[in-house]
Amino acid sequence: MINAPTIILVGPMGAGKTTIGRLLSQQLDREFFDSDRVIEEKAGADIPWIFEKEGEEGFRRRETQTLQSMLDEDQQPIVLATGGGIVMKEENRHMLKHQPLVVYLFASVAQQLQRTSKSNNRPLLKQGNPKETLNRLFSIRDPLYRDVASVIVETDSRHPKTVANKVMDAI
Ligand code: S3P
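Residues numbered from 1 in each chain as written. Predicted model: local features only at pLDDT ≥ 70, side-chain atom pairs only at ≥ 80, totals over all residues. Heavy atoms only, no water.

Structural notes on the packing of helix H2 (residues 35-43) against helix H3 (residues 47-72)
Each packed pair of helices is defined by two parameters, the angle between the axes and the distance between the axes. Stated precisely, the cut-off is as follows: Helix axes use the C-alpha atoms of the stretch in contact, all axes being lines fitted to C-alpha atoms, and the angles between their N-to-C directions lie in the range 0 to 180 degrees. Strands here are runs of E lasting at least two residues and helices are runs of H or I lasting at least four, both read from the DSSP assignment and numbered beginning at the N terminus. Orientation categories follow fixed angle ranges, with anything under 35 degrees roughly parallel, anything over 145 roughly antiparallel, 65 to 115 roughly perpendicular, and all other angles oblique. What makes a crossing left-handed is the near helix being turned counterclockwise from the far one by less than a right angle; a clockwise turn instead makes it right-handed. Whether two residues are in contact is decided by their heavy atoms: any pair within 4.5 Å suffices. Charged means Asp, Glu, Lys or Arg here, nonpolar means Ala, Val, Leu, Ile, Met, Phe, Trp, Tyr, Cys or Pro, and polar covers whatever is left, Gly included.
Two elements in contact, H2 and H3, have axes whose closest approach is 9 Å; the angle formed by their N-to-C orientations is 110°. The angle between H2 and H3 places the two elements in the roughly perpendicular class. As for how H2 packs across H3, the hand of that crossing is right-handed. Each of Ser35, Asp36, Arg37, Val38, Ile39, Glu40, Lys42 and Ala43 in H2 lies in contact with H3, whose residues at this interface are Ile47, Ile50, Phe59, Arg62, Glu63, Thr66, Ser69 and Met70. Looking at the contact of H2 with H3, its residues break down into seven nonpolar, three polar and six charged.

Here's what the structure looks like:
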């Protein structure tokens, strides 16, 4: 088994963080967590419900608590996929920058749009035009992903297995 630290995947909605995270966890024989699913389990409610009842701010509070606890409780190295907005809070970026292996899965807005087109559990894409939203988020967040990441892997033209292999190469 490869002796690598916890791998944290960051990147926009539709970058493939969950798919790649699962593949990596299989290859490395370690547990996979998706911070969105952990938030839902702790809340006993899904993300659209949390956004509706608590607003984005409430969701972000839960996201920070979850990131903190996932990294604190982390005895064994894991693979962690994060939500696309994890880099919005300075305290999250601070936590991420102290992690040895943060991978930015880069996807163009065109790819993000295609990969999220059938999704209906992403509240931010329900407000207004998804293309405009993804473009706006990209311009804000792309520099922030780059700031926290130690590795950047382009996902547009690659099969998930190839992306996972690229991440493995970087470990
Ligand atoms: C969000 C991305 C989502 C989820 C929430 C907000 C964002 O996660 O955390 O809907 O702000 O970009 P994915 O990136 O896994 O879709």
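As for the confidence of the model for the chain
Filter applied, for reference: Each residue carries a pLDDT score, the predictor's own confidence in it, on a scale running from 0 to 100.
Overall, the predicted model of the chain reaches an average pLDDT of 94, with 98% of residues at or above 70. The element-level mean pLDDT for the chain is lowest in helix H7 (residues 160-170), coming to 94, with strand E4 (residues 102-106) highest at 98.

Notes on the pattern of salt bridges
Using the following cut-off: Here a salt bridge means any side-chain nitrogen of Lys or Arg lying within 4 Å of a carboxyl oxygen belonging to Asp or Glu. Note on exposure labels: buried denotes an accessible area under 20% of the residue type's maximum, exposed denotes more than 50%, and partly exposed covers the range between, all computed with a 1.4 Å probe on protein chains only.
This model, assessed by the stated rule, comprises seven salt bridges. Arginine 37 is paired through a salt bridge with glutamate 40; the nearest N and O atoms lie 2.8 Å apart. Residue arginine 37 and its partner glutamate 40 are located together in helix H2, separated by three residues, close to a single helical turn. Classification of arginine 37 by relative accessible area gives partly exposed; the value is 33%. Judged by its relative accessible area of 17%, glutamate 40 falls in the buried class. Aspartate 142 is the salt-bridge partner of arginine 146, the closest N and O atoms lying 3.0 Å from each other. Of this pair, arginine 146 and aspartate 142 both sit in helix H6 (residues 130-148), separated by four residues, roughly a single helical turn. Residue class for arginine 146 comes out partly exposed when judged on its relative accessible area of 40%. Ionic contacts of the salt-bridge type, sharing partners, join the residues Asp34, Arg37 and Glu40 into one network.

What about the side chain of serine 69?
The test is simple: Any N or O atom pair separated by 3.5 Å or less is treated as a polar contact, with the protein-specific requirement of one donor-capable and one acceptor-capable atom, and with residues adjacent in sequence counted only for side-chain atom pairs.
The topology assignment puts serine 69 in helix H3. The exposure class assigned to serine 69 is buried, which follows from its relative accessible area of 15%. A polar atom in the side chain of serine 69 sits 3.0 Å from the side chain of lysine 42. Reaching out from serine 69, the side chain makes a polar contact with the backbone oxygen of threonine 66 at a distance of 3.1 Å.

Some thoughts on H6
Keep this limit in mind: Each helix should span, by expectation, one fewer than its residue count multiplied by 1.5 Å. At any given residue, the bend is defined as the angle formed between two axes, one fitted to the seven residues that end at that position and one fitted to the seven that begin there.
Helix length check: H6 (19 residues) gives 25 Å between terminal C-alpha atoms against 27 Å at 1.5 Å per residue, within 8%. When the local axis directions of H6 are compared, the greatest deviation, roughly 40°, occurs at arginine 141, which is followed within four positions by the proline proline 143. Within H6 the residues assigned to the buried category are Thr133, Leu134, Leu137, Arg141, Asp142, Leu144, Tyr145 and Val148. Lining the buried residues of H6 we find strand E1 (7-10), H3, helix H4 (90-97), E4 and helix H5 (109-116). If you check the start of H6, you find a side-chain oxygen 2.7 Å away from the backbone N of lysine 131, and it comes from asparagine 129.

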